[in-house]
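One letter stands for each residue in the lines below.
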Amino acid sequence: MSRVYNFSAGPSMLPESVLNKAAAEMLDYQGSGQSVMEMSHRSKIYKTIIDGAEVLMRELMNIPDNYKVLFLQGGASTQFAAIPLNFMNKSGKADYIVTGQWAKKALAEAQKYGDAKAVASSADKTFTYIPKTKREDFRPDADYVYICMNNTIYGTVYHELPDTGDIPLIADISSCFLSEPLDVSKFAMVYGGAQKNVAPAGLTICIIREDMLGHARDITPTMLNYQIHADNGSMYNTPPCYTIYICKLVLEWIKNLGGLEKMKLRNEAKAKMLYDFLDASKMFRGTVVPEDRSLMNVPFVTDSDELNAKFIKQAEEAGFVNLKGHRTVGGMRASIYNAMPVEGVEKLVAFMKKFEEDNQ
Ligand SMILES: *Cc1c(COP(=O)(O)O)cnc(C)c1O
């Protein structure tokens, strides 16, 4: 068996030990005589899985008790509508910082439901930086401020959160979930699709402060009402059972590695290798301003489209797959999520060095 190094932005690599464990338990989960795929979501045995996932998530992320952890479906994109429907209901205003495609889509969706405003944007420089904001930039009566924490397509991340004062802060953390410690208490809600760093596609995790709940507008579809899901322990309807099971295995893997502090050190080491190489290279360069660089998504280019195409093709032949940049950006992007082994980045850098030498 030969496995590639998959630099996809998502769905992305899962830890090999997780895949092996899932394979070993595929036909008979812990003596139950069934696969997790076949279980009733209301069975006792399944309850140990979903409860176990929540306990581990709370422990690893140090989630305060006054936050709900919801295991939902619909992807991050469904929350773009659910967030205004649930929360944009006092003044009917919400302020968005537009740092890329995902924030832009979230804003456009919220504008269907009320006065959602872009208060800052980095569109002027193709989203290669995080715009600086001051507290005065936000409308004091805004129901929330919305950010996309890690910008998967452009490779930027908030190293410092915007100061929103008393206004609730909501963040899409799809592509940096569990990549390093996060102070959840600074947010009214964080959420993300699981397919980047947590599990296969099909699961969306929403972590919401309890006082935010209970204000959804009447027209909110039942399935988009966070209160309903919170009241029903993520079991209002059938949850994505198998994906939650894999999520639990991934959380166990992170815990065994030493938790999010350790994960951060590992991710910093991987990203540094790649950025150091890009900074020294005469052929390749990173596209993001150094102070806003993501640990998870590293976009880079050469000065020639032909050379980019040649690099992507040869890299793929050598077992480094999905390095093509997003269609709106071009060039290359290496997504180096938690499950990308250190040696995967080492080998990629060695390959890039050799490519540069061979193509001078
Ligand atoms: C991938 C991604 C999304 C979209 O997620 P879906 O689950 O496909 O809807 C949204 N936001 C960010 C930051 C992402 O990386």
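Residues numbered from 1 in each chain as written. Predicted model: local features only at pLDDT ≥ 70, side-chain atom pairs only at ≥ 80, totals over all residues. Heavy atoms only, no water.

Engineer: So what exactly am I meant to see when it comes to the packing of helix α8 (residues 305-317) against helix α9 (residues 342-358) here?
Structural biologist: Pairs of packed helices are described in terms of their axes, by the angle between the two and the distance that separates them. Interhelical geometry of α8 versus α9 gives an angle of 130° and a closest axis separation of 11 Å. In terms of axis orientation, α8 runs oblique to α9. As for the relative orientation of α8 and α9, their crossing is right-handed in sense. Contacts between α8 and α9 involve Leu307, Lys310, Phe311, Gln314 and Ala315 from the first element and Leu348, Phe351, Met352 and Phe355 from the second. Within the contact of α8 with α9, the residues separate by chemical class into seven nonpolar, one polar and one charged. (Axes fitted to C-alpha atoms, helices over the stretch in contact; angles between N-to-C directions. Helix = DSSP H or I, 4+ residues; strand = E, 2+ residues; numbered from the N terminus. Parallel < 35°, antiparallel > 145°, perpendicular 65-115°, else oblique. Left-handed = near helix turned anticlockwise from the far one by under 90°. Contact = heavy atoms within 4.5 Å. Nonpolar A, V, L, I, M, F, W, Y, C, P; charged D, E, K, R; others polar.)

Engineer: What am I meant to see in the site of the ligand here?
Structural biologist: Taken together, the neighbourhood of the ligand is formed by Gly75, Ala76, Ser77, Trp102, Cys148, Asn150, Thr152, Asp172, Ser174, Ser175, Gln195 and Lys196. Thr152 is positioned such that a nitrogen or oxygen atom in its side chain is 2.4 Å from an oxygen atom of the ligand. Here the shell around the ligand gets three residues from one element, more than from any other, and that element is helix α3 (residues 75-87). When the residues that make up the shell around the ligand are grouped by side-chain class, the tally is three nonpolar, seven polar and two charged. (Near = heavy atom within 4 Å. Polar contact = N/O pair within 3.5 Å; in protein donor to acceptor, adjacent residues only side chain to side chain.)

Engineer: What exactly am I supposed to notice about the domain arrangement of the protein here?
Structural biologist: Size of an interface, as often reported, equals the accessible area lost when the parts are brought together. Partitioning the protein into domains gives domain 1 (17-257) and domain 2 (260-358). If you average the C-alpha positions of domain 1 and of domain 2, the two centres end up 27 Å apart. Domain 1 puts 26 residues into the contact, and the matching count from domain 2 is 26 residues. Interface of domain 1 and domain 2: buried area, both sides summed, is about 2200 Å²; carbon and sulfur atoms make up 58% of it. Our count for the contact surface shared by domain 1 and domain 2 stands at zero salt bridges. There are eleven residue pairs in polar contact (both at pLDDT 80 or more) connecting domain 1 and domain 2. Elements with a minimum of two residues in the side of domain 1 that touches domain 2: α2 (44-61), β7 (156-157) and α6 (241-257). Sorting elements by how many residues they give to the side of domain 1 that touches domain 2 places α6 first, with three residues. When grouped by side-chain class, the residues that make up the side of domain 1 that touches domain 2 number 14 nonpolar, ten polar and two charged. (Domains from an automatic or database assignment. Buried area = accessible area lost by both parts, 1.4 Å probe. Salt bridge = Lys/Arg side-chain N within 4 Å of Asp/Glu carboxyl O.)

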